[in-house]
Amino acid sequence: GAGVSQSPSNKVTEKGKDVELRCDPISGHTALYWYRQSLGQGLEFLIYFQGNSAPDKSGLPSDRFSAERTGGSVSTLTIQRTQQEDSAVYLCASSLGLAVKYNEQFFGPGTRLTVL
Amino acid sequence: SQKIEQNSEALNIQEGKTATLTCNYTNYSPAYLQWYRQDPGRGPVFLLLIRENEKEKRKERLKVTFDTTLKQSLFHITASQPADSATYLCASSSASKIIFGSGTRLSIRP
């Protein structure tokens, strides 16, 4: 079946603009995760959803970042008033079972965001 | 704060040898550790999970150990091949967060 998909694959924007990144998880996966990976760095956890709920939003880097998930499926990560330090690859993953509990995560290919 | 550290940024070994990668955790006791492989320009791919009550887990040429006394997991690739060259990440969860190590870039030379 289809894996996790993310769109767009690449996004170039100007400083100060808002961007919206989309993630389509594997059908039936209840948990969805967002990460950020800067060049040559490890994965920085941002937020996870169990169904449509995000129990802890403290991983989001600033109040310019927000995320939502609707219908237990698609999720969007929105960055308002983008800054150059927001430039990174944003990765989404999903898992079948409960988040943060032993479950294998399936990752999408990522969205490469460049803020000029 | 809870941390997962992968001490080696890069590891270069000869084809056919065993590669051993290290993952150490501090300030918490994870219930499990996961290992992922990441190739350039792609998302990580899950390899193995080991729970705290398991000493060792194997899958084909891969072996993972979990030592709660040393607070460490070791990831071994036996009979390594150039195709095993990639970045390997360990990960676990703490409360409502997922923590990843920074990764070890493994290069297998022919």
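Chains are numbered independently. Their residues run from 1 in the order of the written sequence. Key to labels: chains lettered from A, ligands numbered from 1, both in the order written. In keeping with the predicted nature of the model, local features appear solely for residues at pLDDT of at least 70, side-chain atom pairs appear and are counted solely at 80 or more, and the whole-chain, interface and lining totals rest on all residues. Excluded from the side-chain calculation are hydrogens and water; included are all heavy atoms of the structure.

Draft legend 1. Region of interest: the sheet that holds strand 7 (residues 75-79) of chain A. All names here are of chain A. The strand order across the open sheet formed by 4 strands is 1-3-7-6, and the pairing between neighbours is antiparallel. Two strands lie at the open edges of the sheet, namely strand 1 (5-7) and strand 6 (65-69), each paired on one side alone. Taking the axes of each pair of neighbouring strands and ignoring which way they run, one obtains an average angle of 15° across the sheet. If DSSP finds at least two bridges between two strands, the strands pair. The way it works is that DSSP assigns letters per residue, a run of H or I at least four long becomes a helix, a run of E at least two long becomes a strand, and they are numbered from the N terminus. Pairing between strand 3 (residues 19-24) and strand 7: 5 bridges, direction antiparallel. Bridge pairing in strand 7 places Leu 21 opposite Leu 77. The angle between two axes is taken between their N-to-C directions and runs from 0 to 180 degrees, where each axis is a line fitted to C-alpha atoms and a helix contributes only its stretch in contact.

Draft legend 2. Region of interest: the state of the cysteines. Note that a disulfide, as used here, is simply two cysteine sulfur atoms within 2.5 Å. Applying the stated criterion to the full structure yields 2 disulfides over all chains. Linked covalently through their sulfurs, Cys23(A) and Cys92(A) form a disulfide whose S-S length is 1.8 Å. The disulfide joining Cys23(A) to Cys92(A) has a torsion of about -65° about its S-S bond and is therefore left-handed. With Cys23(A) in strand 3 and Cys92(A) in strand 8 (residues 88-95), the pair connects residues that are 69 residues apart, well separated along the chain. Relative accessibility under 20% of the residue-type maximum defines a buried residue, over 50% an exposed one, and the middle range a partly exposed one, all with a 1.4 Å probe and only protein chains included. The class of Cys23(A) is buried, set by a relative accessible area of 0%. A relative accessible area of 0% places Cys92(A) in the buried class. Covalently, Cys23(B) is tied to Cys90(B) through a disulfide, its sulfur atoms 2.0 Å apart. A torsion of 75° about the S-S bond marks the disulfide between Cys23(B) and Cys90(B) as right-handed. Note that Cys23(B) is positioned in strand 3 (residues 19-26) and Cys90(B) in strand 9 (residues 86-94), a separation of 67 residues in sequence.

Draft legend 3. Representation of the nonpolar core in the model. Residue types Ala, Val, Leu, Ile, Met, Phe, Trp, Tyr and Cys, when buried and joined through side-chain atoms within 4.5 Å, form a set referred to as a nonpolar core. Counting 23 residues, the largest nonpolar core has Ile4(B), Leu33(B), Trp35(B), Phe75(B), Ile77(B) and Tyr88(B) as the members making the most contacts within it. Listed by contribution, the elements that provide at least two residues to this core are strand 3, strand 4 (32-38), strand 5 (45-51), strand 7 (62-67), strand 8 (72-77), strand 9 and strand 11 (104-109) of chain B. Residue contacts follow a heavy-atom distance rule, with two residues in contact if any of their heavy atoms lie within 4.5 Å. If sequence neighbours within four positions are ignored, Leu33(B) has contacts with Ile4(B), Cys23(B), Tyr25(B), Leu48(B), Leu49(B), Ile50(B), Phe66(B), Ser73(B), Ala91(B) and Ser92(B). Grouped together as the second largest cluster of nonpolar side chains are 21 residues, Ala54(A), Leu60(A), Ala67(A) and Leu113(A) included.

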